[in-house]
Amino acid sequence: MIEDILAELVTDNLLYLLGAVLLVIVILKGVKIVPQSEKYVVERFGRLHSVLGPGINFIVPFLDVARHKISILERQLPNATQDAITKDNVLVQIDTSVFYRILEPEKTVYRIRDVDGAIATTVAGIVRAEIGKMDLDEVQSNRAQLIGQIQHAVETAVDDWGIEVTRAEILDVNLDQATRDAMLQQLNAERARRAQVTEAEGQKRAVELNADAELYAAEQTAKARRIQAEAEAYATEVVAKAIADHGIEAAQYQVALKQVESLNALGNGDGKQTILVPAHALEAFGNAFNLLKGGK
C-alpha cells in the first residue's frame with residue numbers, strides 16, 4: 001500500500017524531480033570555486049575563453065569547461081649539472097638551481113608542453129654561453145654577477161611562456177683534479193711572492209727609518225754646534241767690549257781666569273798622574289791669583 005502511494009507520488013512529480021536535479025547540475029557546472037593557489041583555464045567549444053582567478057566564478061554550464069587547473073605556487077626545478085668551457089679553455093661543471101612560477105596560465109598551457117624540461121634546457125644553454133664569456137678566475141670571483149646575468153637571460157627567454165623566473169642559483173663550480181692542482185700551485189706561488197714583497201718593503205722601510213734617524217741626529221748636532229758657536233761668539237763679544245772699556249787689565253783678567261780654571265782641572269784628576277810645570281808657569285799662576293783677588 002505504501003509502495004503504491006510512493007510510486008504514484010513519483011509519477012505525478014517526475015517532471016519536478018527532473019527539474020530539480022537539472023537545476024542542481026546547472027549550478028554545479030556554472031559555479032567554480034578556485035583555490036588561492038590555482039588558476040583555471042576555461043575553454044568554450046575547444047577554444048580559450050577565460051582564466052578564472054581565486055574565489056567564486058561563474059561560467060556558462062555545458063558550454064564552458066575548466067579544462068586546465070594550473071598551480072601558481074613557486075616551483076623549483078631539480079638541481080642540474082652541466083659542463084661548460086670558460087674563455088681560457090678550462091672545463092668546469094656548474095651545478096644550478098632555478099625557481100619559477102606561472103603568471104599567465106593561458107600562455108603556459110597553449111605555448112609549451114613540458115615546462116620544466118624547457119626551462120632546464122634553456123638554463124643549460126644560457127649557462128654555457130655566459131661561462132664561455134668569462135675566465136675561470138672571473139667565474140669564481142664574480143659569481144653574483146654571473147647569477148644575475150643568467151637570471152636576466154632566462155627571464156627574457158621564457159617571457160613568452162607566461163613564466164616568471166624568481167631566482168637562479170649557481171650551487172657549485174667543480175673542476176677536474178689536474179686543474180685543482182695547477183690552481184693550488186699558482187696560489188702557493190702567489191703567497192710566496194707576496195711574502196717576498198712584504199719582506200722587501202719591510203727592509204726598505206727599516207732603511208728609510210734609519211736614514212731619517214741619522215738625519216735627525218745630524219740636524220740636532222748641527223743645531224747644538226750652532227748654539228755653542230753663538231754662545232762663544234757672544235762671550236768673545238763681551239770680552240772684546242770689556243777690553244775696549246777697561247784696557248789691558250780686562251785682558252789680563254780673562255787670561256788669569258783661564259789659567260786658574262786649567263789649574264783646577266788638573267787638581268781634579270785621580271791623583272795618579274805626574275804633571276811637570278815650568279818655572280815661569282808658577283809665576284803666571286801667582287799673578288793670576290793676584291788679579292782675581294784684585295791685586296796689582
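Residues numbered from 1 in each chain as written. Predicted model: local features only at pLDDT ≥ 70, side-chain atom pairs only at ≥ 80, totals over all residues. Heavy atoms only, no water.

### Things to note about the overall build of the chain
Next up, step 1: A tally of regular secondary structure across the chain gives 9 helices and 9 strands.
Next up, step 2: Contacts spanning at least 24 positions in sequence make up 65% of the contacts within the chain whose residues lie at least 6 apart.
Next up, step 3: As displayed, the chain has an accessible area near 20900 Å², and 57% of this comes from carbon and sulfur atoms. (Helix = DSSP H or I, 4+ residues; strand = E, 2+ residues; numbered from the N terminus. Contact = heavy atoms within 4.5 Å. Areas by Shrake-Rupley, 256 points an atom, 1.4 Å probe, with all protein chains shown as cover.)

### Digging into the side chain of Glu43
Next up, step 1: Summarising the element assignment, Glu43 is placed in strand E2 (residues 38-44).
Next up, step 2: Within the structure, the side chain of Glu43 is placed 3.2 Å from the side chain of Arg67, a separation counted as a polar contact.
Next up, step 3: Looking at Glu43, its side chain comes within polar contact range of the side chain of Tyr110, at 2.7 Å.
Next up, step 4: For Glu43, the contacting residues outside a window of four places in its chain are Leu48, His49, Leu63, Asp64, Val65, Arg67, His68 and Tyr110. (Polar contact = N/O pair within 3.5 Å; in protein donor to acceptor, adjacent residues only side chain to side chain.)

### As for the pattern of salt bridges
Next up, step 1: Applying the stated criterion to the full structure yields 9 salt bridges.
Next up, step 2: In this structure, the salt-bridge partner of Glu43 is Arg67, at a minimum N-O distance of 3.2 Å. Placement of Glu43 in strand E2 and of Arg67 in strand E5 (residues 64-71) is noted, with a sequence separation of 24 residues between them.
Next up, step 3: Among the salt bridges present, the one from Arg194 reaches Glu190, with a minimum N-O distance of 3.2 Å. With Arg194 and Glu190 both in helix H7 (residues 177-246) and 4 residues apart, the pair spans about one turn of that helix. (Salt bridge = Lys/Arg side-chain N within 4 Å of Asp/Glu carboxyl O.)

### Remarks on the sheet that holds E2
Two modes of strand pairing occur in sheets, parallel and antiparallel, and in both the strands are linked by backbone hydrogen bonds.
Next up, step 1: What the 3 strands build is an open sheet, ordered E3-E2-E5; its pairing is antiparallel. For this open sheet the edge positions go to strand E3 (47-52) and E5, each flanked by a neighbour on one side alone. Neighbouring strand axes in the sheet, compared pairwise and without regard to direction, differ in orientation by 30° on average. (Pairing = 2+ DSSP bridges. Axes fitted to C-alpha atoms, helices over the stretch in contact; angles between N-to-C directions.)

### Considerations on helix H4 (residues 115-131)
Next up, step 1: The first and last C-alpha atoms of H4 sit 24 Å apart over 17 residues, in line with the 24 Å expected at 1.5 Å per residue.
Next up, step 2: Those residues of H4 not exposed but buried are Val115, Ala118, Ile119, Thr122, Val123, Ala124, Ile126, Val127, Glu130 and Ile131.
Next up, step 3: In the core, the buried residues of H4 are packed alongside strand E7 (80-85), strand E8 (91-102), helix H3 (105-111), helix H5 (136-141), helix H6 (143-158) and strand E9 (163-175).
Next up, step 4: N-capping of H4 is provided by Asp114, with a side-chain oxygen placed 3.2 Å from the backbone N of Gly117. (Expected span 1.5 Å × (residues − 1). Buried < 20%, exposed > 50% of the residue type's maximum accessible area, 1.4 Å probe, protein only.)

### Side note on the packing of H4 against H6
Next up, step 1: Contact geometry of H4 with H6 gives a least axis separation of 10 Å together with a crossing angle of 135°. The angle between H4 and H6 places the two elements in the oblique class. Here H4 and H6 pass one another in a crossing that is right-handed. Counted together, Ile119, Thr122, Val123, Ile126, Val127, Glu130 and Ile131 of H4 and Leu146, Gln149, Ile150, Ala153, Val154, Ala157 and Val158 of H6 form the full contact between these two elements.
Next up, step 2: In the contact of H4 with H6, the residues fall into 11 nonpolar, 2 polar and 1 charged. (Parallel < 35°, antiparallel > 145°, perpendicular 65-115°, else oblique. Left-handed = near helix turned anticlockwise from the far one by under 90°. Nonpolar A, V, L, I, M, F, W, Y, C, P; charged D, E, K, R; others polar.)

### Considerations on the nonpolar core
One recurring pattern in soluble globular proteins: nonpolar side chains tend to sit buried together.
Next up, step 1: Among the nonpolar cores identified, the biggest contains 32 residues, and Val92, Ile119, Ile131 and Ile163 are the most heavily contacted of them.
Next up, step 2: Going through the elements one at a time, E8, H4, H5, H6 and E9 are the ones with two or more residues in this core.
Next up, step 3: Here this core takes 7 residues from H4, the largest share from any one element.
Next up, step 4: Among residues more than four places away in sequence, those in contact with Ile119 are Leu77, Val98, Tyr100, Val158, Trp161 and Ile163.
Next up, step 5: In this structure, Val34, Tyr40, Val42 and Ala66 belong to the second largest nonpolar core, which totals 6 residues. (Core = buried A, V, L, I, M, F, W, Y, C linked by side-chain atoms within 4.5 Å.)

### Regarding a nonpolar patch on the surface
Next up, step 1: On the surface, a cluster of nonpolar side chains totalling about 380 Å² of accessible area is made up of Val21, Leu22, Ile25 and Phe62.
Next up, step 2: Considering the arrangement of structural elements, one finds Leu22 in helix H2 (residues 14-30). (Patch = residues over 30% accessible without salt bridge, like charges linked within 9 Å, V, L, I, M, F, W, Y side chains within 5 Å.)

### Observations concerning the pairing of E2
Next up, step 1: Of the pairings in the sheet, the one linking E2 to E5 comprises 7 bridges and is antiparallel in character. What sits directly across from Glu43, in E5, is Val65.
Next up, step 2: Pairing of E2 with E3, which is carried by 5 bridges, proceeds in the antiparallel orientation. Note on E3: the bridge partner recorded for Arg44 is Arg47.

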